[in-house]
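Next come the chains, spelled out residue by residue.
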Amino acid sequence: MKEKFKSWAFSKEHGKCDVITLIIYLLGVCTVSFFHEPWFDEAQSWAIARSGTIKEILFEIPHYEGHPPLWHLILVPFAKLGAPYELSLAAVNIFFMTLAVAVLLFKSPFPKLIRCLLPFNFFLFYQYGVVSRPYSVLTLSFFLAAAFYPSRNKKPLRYVFSLAFMCMIHSFGIIFAGGLCVVWLSEIISKYVKEKTFLKIFSDKHCWMMLGLLVLAIAIIIEIFPNSNTYTQGHENAEELFSFSFSYVQVMWYIMYLSEAFLIQMPDSKLDSYDVASIIPQFITAVFVFVIALSILHKNKKILTFIIPYSFFGLFSALIYSSPYHSGMVGVFLIFVFWGIFADNGKIELPEYINKAVSSLRGGLKKAVVAIAFLPMIVPIAWSAYSSYIDIRFDYWYKEAAEFIKEYRLYDYKILSSWTQDVISEENDSWRIDEVYACRDYPKLQGLATAILPYFDDNIFYNYNIDDHDKTFMHYQSSTEEEAEAIINKWREQGPPDVVLDRCQITKVYPDIDVNDYVAVKRIEVYKPYKFKTDKQYITIYVTKDLFNKIGTLEELTAKKLY
């Protein structure tokens, strides 16, 4: 039985097992997607496709979204023709992710056991399969590139097209494709140098194709480069975004991205001084994994193929912009690299020191080491199971908020949505969470309204996009104090709200208002899973006492008052 399993597990033949795996994957993703409620980023993409013009989607919005417009263009026919929001968004994403998994199953040279486990990896199954983002298309482009990689020198056109596809869907696609082209170009140059025919490089078709790809990448970079007022993770403009100070924290992050993709769970944000002690065990694990991975890749002659694109990604993420979700692309890229190793060698060659260490082990210790080696395959599957369970078991908040507004016809009244207010201390200009009135207002940044509006045909919030009320998507635009005050003045002209969506500093907009005139009538909890962690938050809906009495069926809740 043991030998029979080994024969099956290490077989590279494609057949029924791949078909069954694809069916299980599709059924699993469809099941979780049925319960999944779109997060803000998913709603934002749909809103852009629904209410943005083609001109805006192509030339204006990318400067604020930070990635090319292809994903929004894919959604345009569904959103503009009135297709169901949640169903259409999930169907489009599942289509691309299922194609990506099909390429992995039927075209990759991995042994059956690996092929059958990989689709249920956290990022391939939940984060990119259930959560509808452009990463599903980016994953497909990676796997197509991996399938064409072995024949890139004989048939370069389809490999270059897959890299171009990668560039057109996401900014990180440009980074990885650029790194892969640098490696490819270095291989070509090395060949001509050895042959002492360097001038032939100017007539090499591969180089000309890469030049065309470079032109495309530059055009996309120009298209997505942040405007001066683009708001990104607390950065008010492009100058702040690209100004950074190098420290040991960035080095830690650079090393940890690899393990984050398969083994560990990093903090939600960049390390502060008080986080360092708690992260040391994870960092030690990450260093160990990083060194082992590099030694294996070096043994299999893929060290440059990995380290150059990974460094482009890691440095950009550590120094400029990153999110935990992006580490999944490191996992997808690592699949690409090992795909190439199996295609070239038929197996993974282990360094001599690992072979010697493993051969010296006996009995249970050897089995334990083998089990540990499989953790990068098993742990992400456990992440998928946990996150899927949380998504099925608990509701998200936006749909429930929309249903509450519809149930009591609150859209017939003036609804004010909370906006981003970066609270600061007047003393030291540092972040603080208490109720101070010194804050930076960004009235264009209204995430709650953005995520709720796909459930409505029109904009129901009077203070959302007040200068272009038909738009239901949010521009990531910061505001100067003068701009913010001008927008808030337009809110004042509409008069005080009857309904307030979530707690906010309403007295800054309406100084004469009495917050005691508003009562809390609905508290909505959020359960947002990521690996083994669940982000638990809540929002509160307030109405005036007059409206509360008029409706008559609402229940007053105990909650913090507006301020």
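About the cut-offs
Residues numbered from 1 in each chain as written. Predicted model: local features only at pLDDT ≥ 70, side-chain atom pairs only at ≥ 80, totals over all residues. Heavy atoms only, no water. Phe/Tyr/Trp six-rings, centres within 6.5 Å; stacked < 30°, edge-to-face > 60°. Helix = DSSP H or I, 4+ residues; strand = E, 2+ residues; numbered from the N terminus. Buried < 20%, exposed > 50% of the residue type's maximum accessible area, 1.4 Å probe, protein only. Lys NZ or Arg CZ within 6 Å of the ring centre and 35° of its normal. Patch = residues over 30% accessible without salt bridge, like charges linked within 9 Å, V, L, I, M, F, W, Y side chains within 5 Å. Areas by Shrake-Rupley, 256 points an atom, 1.4 Å probe, with all protein chains shown as cover. Salt bridge = Lys/Arg side-chain N within 4 Å of Asp/Glu carboxyl O. Lys, Arg positive; Asp, Glu negative; His and termini not counted. Charge placed at Lys NZ, Arg CZ, Asp CG, Glu CD. pLDDT = per-residue confidence, 0-100. Contact = heavy atoms within 4.5 Å. Core = buried A, V, L, I, M, F, W, Y, C linked by side-chain atoms within 4.5 Å.

**Thoughts on the packing of aromatic side chains**
Any two aromatic rings considered together are summarised by their centre-to-centre distance and by the angle between their planes.
Inference 1: Counted under the stated rule, the structure contains 47 aromatic pairs.
Inference 2: For the ring pair tryptophan 39 and tyrosine 396, a centre distance of 6.3 Å and an interplane angle of 40 degrees mean the geometry is tilted. Here the residue tryptophan 39 occupies a position in the loop between helix H2 (16-35) and helix H3 (40-51), and tyrosine 396 occupies one in the loop between helix H21 (375-393) and helix H22 (397-407), the gap between them amounting to 357 residues. Each of the two residues, tryptophan 39 as well as tyrosine 396, counts as buried.
Inference 3: Just above the ring of tyrosine 192 sits the side chain of lysine 191; from NZ or CZ to the centre is 4.7 Å.
Inference 4: The lysine or arginine in question, lysine 406, covers the ring of phenylalanine 456, its NZ or CZ lying 5.1 Å from the ring centre.

**Re a negative patch on the surface**
Inference 1: Residues Asp457, Asp458, Asp468 and Asp470 make up a contiguous surface patch of negative charge.
Inference 2: Along the chain, aspartate 468 turns up in the loop between helix H23 (447-452) and helix H24 (481-493).
Inference 3: For aspartate 468, a relative accessible area of 36% gives the class partly exposed.

**Notes on the confidence of the model for the protein**
Inference 1: Overall, the prediction assigns the protein a mean pLDDT of 91, with 95% of residues at 70 or greater.
Inference 2: The low-confidence segment residues 426-434 (pLDDT under 50) makes 11 contacts with residues lying over four places distant or belonging to another chain.

**Let's talk about the environment of leucine 75**
Inference 1: Mapped onto the fold, leucine 75 is located in helix H6 (residues 70-80).
Inference 2: For the pair leucine 75 and proline 309, spaced 234 residues apart in sequence, the C-alpha separation works out to 29 Å.
Inference 3: Residues in contact with leucine 75, not counting those within four places in the same chain, are Ser45, Trp46, Ala49, Leu89 and Val92.

**Regarding the nonpolar core**
Inference 1: Core analysis: the biggest nonpolar cluster contains 157 residues, and Phe142, Phe143 and Phe336 have the highest contact counts within it.
Inference 2: In terms of residue count, helix H7 (residues 85-107) provides more of this core than any other element does, 13 residues in total.
Inference 3: Leave out the neighbours within four places in its chain, and phenylalanine 142 touches Met166, Phe176, Met329, Val332, Phe333 and Phe336.
Inference 4: Membership of the second largest hydrophobic core comes to 17 residues, among which are Leu416, Ile487, Tyr542 and Leu562.

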